[in-house]
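Residue strings, one per chain:
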Protein chains: 2
Amino acid sequence: MTKITMNHGSGGEVMQDFISKHVTAHFPKMNFSVPLDALDDSAVVDDIVFTSDGHTVKPLFFPGGDIGSLSVAGTVNDISVMGATPLAISCALIIEAGLEMDIVDRVMRSVGETCASCGVPVATGDTKVVDAGAADQLYMVTSAVGKRSPYMDHNLEVASQYRKVDSKWATDNNVRPGDSIIVSGYIGDHGVALLSFREGYGFESEIKSDVAPLNGLIAEGLKTGGIVTMKDPTRGGLANTLNEWCSKSGIGMEIRENDIPLRDGVVNACEMLGIDPLSIGNEGKVVIACVPEMEEEILKTLHSHPLGKNAACIGHAVASDVPRVIMMTAVGGKRILEPPTGDPVPRIC
Amino acid sequence: MTKITMNHGSGGEVMQDFISKHVTAHFPKMNFSVPLDALDDSAVVDDIVFTSDGHTVKPLFFPGGDIGSLSVAGTVNDISVMGATPLAISCALIIEAGLEMDIVDRVMRSVGETCASCGVPVATGDTKVVDAGAADQLYMVTSAVGKRSPYMDHNLEVASQYRKVDSKWATDNNVRPGDSIIVSGYIGDHGVALLSFREGYGFESEIKSDVAPLNGLIAEGLKTGGIVTMKDPTRGGLANTLNEWCSKSGIGMEIRENDIPLRDGVVNACEMLGIDPLSIGNEGKVVIACVPEMEEEILKTLHSHPLGKNAACIGHAVASDVPRVIMMTAVGGKRILEPPTGDPVPRIC
């Protein structure tokens, strides 16, 4: 008898296969602008952008953040990368009986502070308590609603000066050969910080989670214009984002390994731990595909924002019969960057 | 050091006090039509009706329903009782590693069937897997978005023929002295069915959960007109709903005990178990406050719908210096129906 394993929830191909066969397969079909089947960052229902994220990170508090800031940032980012403005979030708690009230207060204070920092309030929520032992301290599911960004029309007009754009949203199927691929900063920090802190490897003195709401940074990018899609590379990391874009857009990619922003500490930690920094989750980064003519302008905009100052173009989309990511390695070779089967580190978000 | 107890999540006064002091107190204030502070069934953000509900029911399958039908119905109902039409729901899962895939399939099939039956699709979702022992099989958080019902204008116009109506939504603060209080059917079935099934008391052969999406029934009520507010009496039961209305609307109520629809089996079971049927959760019932002039018409409408055929008027709102519910007892006496401190039965939703 098949049983659920950690891999079914860890991003990547095993999870996508599980979701499509055992979850969405049972649901009625619908006719939304961006439906469930798209498995994009958010759905779009009658021009309402709508998303939901469960958070089971362990431990609740970690270098650079906690489950509160993580939940708000993750949900705000899922709305924002659609080319939308988040309006409000909901916060549903599942708490284990026996948890100290002080921990609830600290987490909720962090939720409140993160909401205040990004200007997106909590509008509704729910609280359930389960018996001691039936949850691991506290789980949080945040959902959010948003509306199309007021800068999205301008953004797509700029892109349309250079090529045809098919979607009014920044959806995963919107990348075309020639598009530039930009990441907004260092990759891998969140996963390495979490793993190191949890297991006591000591790298966490150097590496902190990058958790941050990106709605402000993304709005600046849209004001500049020329962005065709965006994604926050959470579970499954950058490798998953790039491969998802290839398969949903029917393209290939050529990525320059040397140009991916990676901290030395992350590279060293990943080598020691035997994990790939491109397959682990980020919580404050956005990957952007834009028309190549606007690449330089967009990088300039990102560099002038505190959350984008290490942004870099890492390669381009190319025409390809098979959807795959070719990595031009540091030593001058080529390899295929496979989609990860799952995030190598469980419960980091 | 204060710790979380089951009562903090069980509806009623302990939970409301906990939420306001340790959860919402930390969140930034906002200026929505129906804000978080209202602690109503849903929030209203820029005319988007938005709600979220966590579900930790134990066991996952019970007489009359399961966590899948319960989640969809509960969330659809929270949108509907605002005077809104649910457009789509999200479904976030937290699954314990080791759970049989067959159980996931059964729950998701139930989600799909319930969605199809009420015409509200799943638009987005998320799946997290936690280690064996870190959750009790499967938890589900459903959120939903909705828009104001197309029948709400007509409904409030009818009410306005008889008295001033202050809100364009069916909010808890909208009841006025003289309003009729209607329940849509038998009270207490869900809680008693769950408790009995779980503990093996045997009443469950007779009593099934009432879990049902009420958007269809509620739309019929709004088409008739004269409804000023609605609520689904879940955690904390009818006693909690009536007391919340009294305190948020600044009124009192006189309720006729004899007129509350209660199955003999529920009364007998509650007597044996020492619990109050008015304090336990329902999952397919709506309590309606309407202008008294429309009471008869609304009852006629409810009676002609399968989910409202046992609807009854149970009393009226009255002017009162203190917000309290006076129960006119079966034997001709009077007592105060206190707000429950919490649902007497844990993990029934």
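What you see is a predicted model, and the numbers here were worked out from it, not measured in a lab.

Engineer: Even after reading the chapter, I still don't get the sheet that holds strand S9 (residues 227-231) of chain A, so can you show me in this structure?
Structural biologist: Strand-to-strand pairing in sheets goes through backbone hydrogen bonds, with the strands running parallel or antiparallel. All names here are of chain A. Reading across the sheet, the seven strands line up as S9-S11-S8-S12-S10-S13-S14 and stay open at both edges, with mixed pairing between neighbours. The sheet terminates laterally at S9 and strand S14 (334-337), the two strands that pair on one side only. The average undirected angle you get between the axes of adjacent strands in this sheet is 25 degrees. The pairing of strand S10 (residues 252-256) with strand S12 (residues 312-318) spans four bridges and is antiparallel. From the neighbouring strand, Met-253 faces S12, where its bridge partner is Ala-317. Across the sheet, helix H7 (residues 237-249) is in contact with strand S8 (180-183), S9, S10, strand S11 (287-290), S12, strand S13 (325-328) and S14; its angle to S11 comes to roughly 30 degrees.

Engineer: Looking at this structure, how should I read the domain arrangement of chain A?
Structural biologist: Interfaces are often sized by the accessible area lost when the parts come together. Residue and element names in this part refer to chain A. For chain A, the assigned domains read domain 1 (36-148) and domain 2 (152-336). Carbon and sulfur atoms make up 60% of the area that domain 1 and domain 2 hide from each other, which totals about 2,500 Å². Together, Pro-63, Val-81 and Arg-148 form the three largest contributors to the area buried by domain 1 at its contact with domain 2, with a combined 28%. Seen at the junction of domain 1 and domain 2, the total is three salt bridges. The partner of Asp-47 in a salt bridge is Lys-168, and the shortest N-O contact between them spans 3.4 Å. Elements with a minimum of two residues in the side of domain 1 that touches domain 2: strand S3 (61-62), helix H2 (67-80), strand S5 (84-96) and helix H3 (101-118). Top element by residues in the side of domain 1 that touches domain 2 is H2. It accounts for eight residues. Residues of the side of domain 1 that touches domain 2, tallied by class, amount to 18 nonpolar, nine polar and six charged.

Engineer: Looking at this structure, I do not really get the interface of chain B and chain A. What am I missing?
Structural biologist: The partner chain A presents 78 residues to the 78 residues of chain B that form the contact. A buried area of about 6,600 Å², summed over both sides, lies between chain B and chain A, and 69% of it is on carbon and sulfur atoms. When the buried area of chain B at its contact with chain A is split by residue, B:Ile4, B:Phe50 and B:Met101 rank highest and sum to 10% of it. The tally of links from chain B across to chain A stands at four salt bridges.

Engineer: How should I be thinking about the confidence of the model for chain A in this particular structure?
Structural biologist: Low pLDDT means the predicted coordinates in that region are not meant to be read closely. In the predicted model, chain A carries a mean pLDDT of 95, and the fraction of residues at 70 or more is 100%. We note a pTM of 0.96 for the whole complex and an ipTM of 0.95 for its interfaces.

Engineer: Where do I start with the packing of aromatic side chains in this structure?
Structural biologist: Ring pairs (aromatic) are described by centroid distance and by the angle formed between their planes. Evaluated as defined, the whole model comprises zero aromatic pairs over all chains. The positively charged end of A:Arg106 is found above the aromatic ring belonging to A:Phe61, 3.8 Å away from the centroid.

Engineer: Teacher, can you tell me more about helix H9 (residues 295-303) of chain B here?
Structural biologist: Note on helix geometry: an α-helix contains 3.6 residues per turn, so any two residues three or four positions apart are oriented the same way. All names here are of chain B. Buried within H9 are the following residues: Glu-295, Ile-298, Leu-299, Thr-301 and Leu-302. Along the long axis of H9, the arc covered by the buried residues comes to 160 degrees, so they all point the same way. Set apart from the buried face of H9 by more than 90 degrees, the exposed residues are Glu-296 and Lys-300. At its buried positions, H9 is contacted by strand S8 (180-183), helix H6 (215-224), strand S9 (227-231), strand S11 (287-290) and strand S12 (312-318).

Engineer: Explanation requested: the pairing of strand S7 (residues 138-148) of chain A in the structure shown.
Structural biologist: Regular strands place side chains that alternate from one sheet face to the opposite one. Residue and element names in this part refer to chain A. With nine of its 11 residues buried, S7 lies for the most part within the structure. With seven bridges connecting them, strand S2 (residues 48-55) and S7 associate as antiparallel partners. In the strand pairing of S7, Gly-54 is matched with Val-141. Summarising the sheet, S5 and S7 pair through 11 bridges and their orientation is antiparallel. Bridge assignment links Ala-92 to a residue of S7, and that residue is Val-141.

Engineer: Honestly, the side chain of A:Lys285 in this entry has me stumped. Any pointers?
Structural biologist: Residues and elements named next belong to chain A. One can find Lys-285 in the loop between helix H8 (264-273) and S11. Here Tyr-186 takes part through its backbone oxygen, which lies 3.0 Å from a polar atom of the side chain of Lys-285. A distance of 2.9 Å separates the side chain of Lys-285 from the side chain of Asp-210, its partner in a polar contact. Not counting chain neighbours up to four residues away, the residues in contact with Lys-285 comprise Ser-184, Gly-185, Tyr-186, Asp-210, Leu-214, Lys-231, Asp-232 and Pro-233.

Engineer: Could you clarify how one ought to interpret the sheet that holds strand S1 (residues 43-45) of chain A in this entry?
Structural biologist: All names here are of chain A. One open sheet holds the five strands; their spatial order is S1-S2-S7-S5-S6, and the pairing between them is mixed. Since the sheet does not close on itself, it has two edges, and those belong to S1 and strand S6 (122-130), each with one partner. For this sheet, the mean angle separating the axes of adjacent strands, direction not counted, is 20 degrees.

Engineer: For this particular structure, what's the right way to read the relation of the copies chain B and chain A?
Structural biologist: These two copies of the chain differ by a rotation about an axis and a displacement along the same axis. Taken as rigid bodies, chain B and chain A are interconverted by a rotation of 180 degrees and an axial shift of 0.0 Å, the fit giving an RMSD of 0.0 Å. Viewed as a symmetry operation, the transformation between the two copies matches a two-fold axis. Taking C-alpha positions as reference, the residue of chain B nearest the rotation axis is B:Ala135, located at 2.3 Å. The fraction of interface residues of chain B whose copies in chain A are also interface residues reaches 100%, indicating that both copies meet through the same surface.

Engineer: Would you mind going over the pairing of S11(A) with me for this structure?
Structural biologist: All names here are of chain A. The alternating pattern of S11 places Val-287 and Ala-289 and Ile-288 and Cys-290 on opposite faces, both of which are buried. Note that S8 and S11 share four bridges and pair antiparallel. Residue Val-183 lies in a different strand from S11, and its bridge partner there is Val-287. Strand direction decides the pairing type here: S9 and S11, joined by four bridges, are antiparallel. Within S11, the position partnered with Met-230 by the bridge is Ile-288.

Engineer: Just to check I follow, could you spell out helix H5 (residues 189-199) of chain B for this structure?
Structural biologist: Residues and elements named next belong to chain B. Counting buried positions over the 11 residues of H5 gives eight, a clear majority of the element. Inspection of H5 places Asp-189, His-190, Gly-191, Val-192, Ala-193, Leu-194, Leu-195 and Ser-196 among the buried residues, and these make up the whole buried set. If you follow the buried residues of H5, they end up packed against strand S3 (61-62), helix H2 (67-80) and helix H8 (264-273).

Thresholds, definitions, all that
Residues numbered from 1 in each chain as written. Chains lettered and ligands numbered in written order. Predicted model: local features only at pLDDT ≥ 70, side-chain atom pairs only at ≥ 80, totals over all residues. Heavy atoms only, no water. Pairing = 2+ DSSP bridges. Helix = DSSP H or I, 4+ residues; strand = E, 2+ residues; numbered from the N terminus. Axes fitted to C-alpha atoms, helices over the stretch in contact; angles between N-to-C directions. Contact = heavy atoms within 4.5 Å. Domains from an automatic or database assignment. Buried area = accessible area lost by both parts, 1.4 Å probe. Salt bridge = Lys/Arg side-chain N within 4 Å of Asp/Glu carboxyl O. Nonpolar A, V, L, I, M, F, W, Y, C, P; charged D, E, K, R; others polar. pLDDT = per-residue confidence, 0-100. Phe/Tyr/Trp six-rings, centres within 6.5 Å; stacked < 30°, edge-to-face > 60°. Lys NZ or Arg CZ within 6 Å of the ring centre and 35° of its normal. Buried < 20%, exposed > 50% of the residue type's maximum accessible area, 1.4 Å probe, protein only. Arc of directions from axis to C-beta. Polar contact = N/O pair within 3.5 Å; in protein donor to acceptor, adjacent residues only side chain to side chain. Least-squares fit on C-alpha atoms with pLDDT ≥ 70 in both.

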